[in-house]
Amino acid sequence: MKKRYLLAPGPTPVPERVLQAMSLPMMHHRTPEFESIMEGVRSDLKYLFQTEKEVLILACSGTGAMEGAVVNLLSRGDRAVVVRGGKFGERWAEICNAYGVEVINIDVTWGEAVDPAIIREMINKNKDVRAVFMQATETSTGVKHPVKEIAEIIRDLPETALVVDGITGVGVFDLPMDRWGIDLLVGGSQKALMLPPGLAFACLSEKAWKMVERSNLPKYYFDFRKELKNLIKNQSAYTPAVSLVIGLHESLKMIREEGLENVFSRHRRFAEATRAAVEALGLKLYAPKSPSEAVTAVLAPEGIDAQKIVRIMRDKHGIIIAGGQDRAKGKIFRISHMGYIDRFDLITAISALEMTLQELGYSFDLGIGVKTMEEYLR
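Just so it is clear, the structure is predicted and the values come from calculations on it, not from any experiment. (Residues numbered from 1 in each chain as written. Predicted model: local features only at pLDDT ≥ 70, side-chain atom pairs only at ≥ 80, totals over all residues. Heavy atoms only, no water.)

(A) Region of the structure containing the nonpolar core. Leu45, Leu74 and Phe133 are the most contacted members of the largest nonpolar core, which has 99 residues in total. Among all residues touching Leu45, those that are not within four sequence positions of it are Val55, Ile57, Phe201, Leu248 and Leu252. If you look at the next biggest cluster of nonpolar residues, it comprises 32 residues, including Val278, Leu281, Ala300 and Phe333. (Core = buried A, V, L, I, M, F, W, Y, C linked by side-chain atoms within 4.5 Å. Buried < 20%, exposed > 50% of the residue type's maximum accessible area, 1.4 Å probe, protein only. Contact = heavy atoms within 4.5 Å.)

(B) Spotlight on the packing of aromatic side chains. This model, assessed by the stated rule, comprises five aromatic pairs. Measuring from ring centre to ring centre gives 4.8 Å for Trp92 and Phe133, while their planes differ by 40°; the resulting arrangement is tilted. One end of the pair, Trp92, is in helix H4 (residues 87–98); the other, Phe133, is in strand S5 (residues 129–135), and 41 residues separate them in sequence. An aromatic cluster is built from Tyr220, Tyr221, Phe222 and Tyr238, whose rings are joined through pairwise contacts. (Phe/Tyr/Trp six-rings, centres within 6.5 Å; stacked < 30°, edge-to-face > 60°. Helix = DSSP H or I, 4+ residues; strand = E, 2+ residues; numbered from the N terminus.)

(C) Geometry of the pairing of strand S9 (residues 184–188). The buried fraction of S9 is high, at five of five residues. Judged by which residues are buried, S9 turns out to be covered on both faces: Leu184, Val186 and Gly188 on one side and Leu185 and Gly187 on the other are all buried. Relative to S9, strand S8 (residues 161–165) runs parallel, the two sharing three bridges. In the strand pairing of S9, Val163 is matched with Leu184. (Pairing = 2+ DSSP bridges.)

(D) Up close: the pattern of salt bridges. The tally for this structure, following the rule as stated, stands at 21 salt bridges. We note a salt bridge from Asp174 to Arg179, for which the minimum N-O separation is 3.4 Å. What makes Asp174 partly exposed here is its relative accessible area of 24%. For Asp315, the salt bridge goes to Arg314, with nearest N and O atoms at 2.8 Å. Judged by relative accessible area, which is 33%, Arg314 ranks as partly exposed. Look at the salt bridges and you will find they share partners, linking Arg17, Glu250, Lys253 and Glu257 into a network. (Salt bridge = Lys/Arg side-chain N within 4 Å of Asp/Glu carboxyl O.)

What follows is the structure, given as structure tokens:
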């Protein structure tokens, strides 16, 4: 018998009480019973996003909400700045290209955060830019970008919106949408919200909703105006993912019970402990200057394929982590510490990492990573 531990950066583990809620008999979505659940979800999502605005709920992956952000905000011929510092930054550019939006790319070295001064310079040179697209955390590299500083640059520009992919950020660290002036914040169910994949979220500022009114890009399913019209009636425009919404109702209760500040503190503490443990093993971080609280990306030792580390940990030890993507494939492995993960999950993962590295011939003091993590978390 082998127990499996899920420490990949999405999907993440789902709590038992959420699974129990989703296992109840199916209900119809056009009923007062479901509308009552939606009313509670609407309130709790505002708490999570730290906003007075409605948070749209979409039955899709996070990429669906990203596409919705592009087609609802922009029009044919618009120009947009895209921060490309990893696989998901590149996705923003790909979506814009698919709809004929002219893209000005800011290419950031993988493993590094974008410099806000570069964005300021780009905006000053291109006064007609209608949106800046970026990640809060670039999941493929473990980098946390300076959203607050960039929001300060964009918030007073009436014709330019800041769009943030918070799929691996919302519920992990502080992203106060209203206070910082983020214009469109995207989220996903399968990360810190502790749910299976299948729900995505989009919250728009007043500025963003004005841009929606004049957008002329094609849209049907991802029509934000239509979704908002139904949401305020505690409904959705189309058939919702009923079981996931019921699970969301429960997971948001858990987040409220813990309190946002405690949630953020827990993620920060686990991230710091994980970084300390891998560095005690003599390993180097892929994003040492701006690491995320959601996932730690680690460079594999010289001469060792990171994919082998991922494979051995999964097949031999039952620990599921993630490897690198695209240009980072074979170079890094990634350990998640977001959502329904506790300290003993992380201690177990570091123990398995030590056994894996030893098997691959890497030299270190066995137990030093576990000891470092235990001391930090104690």
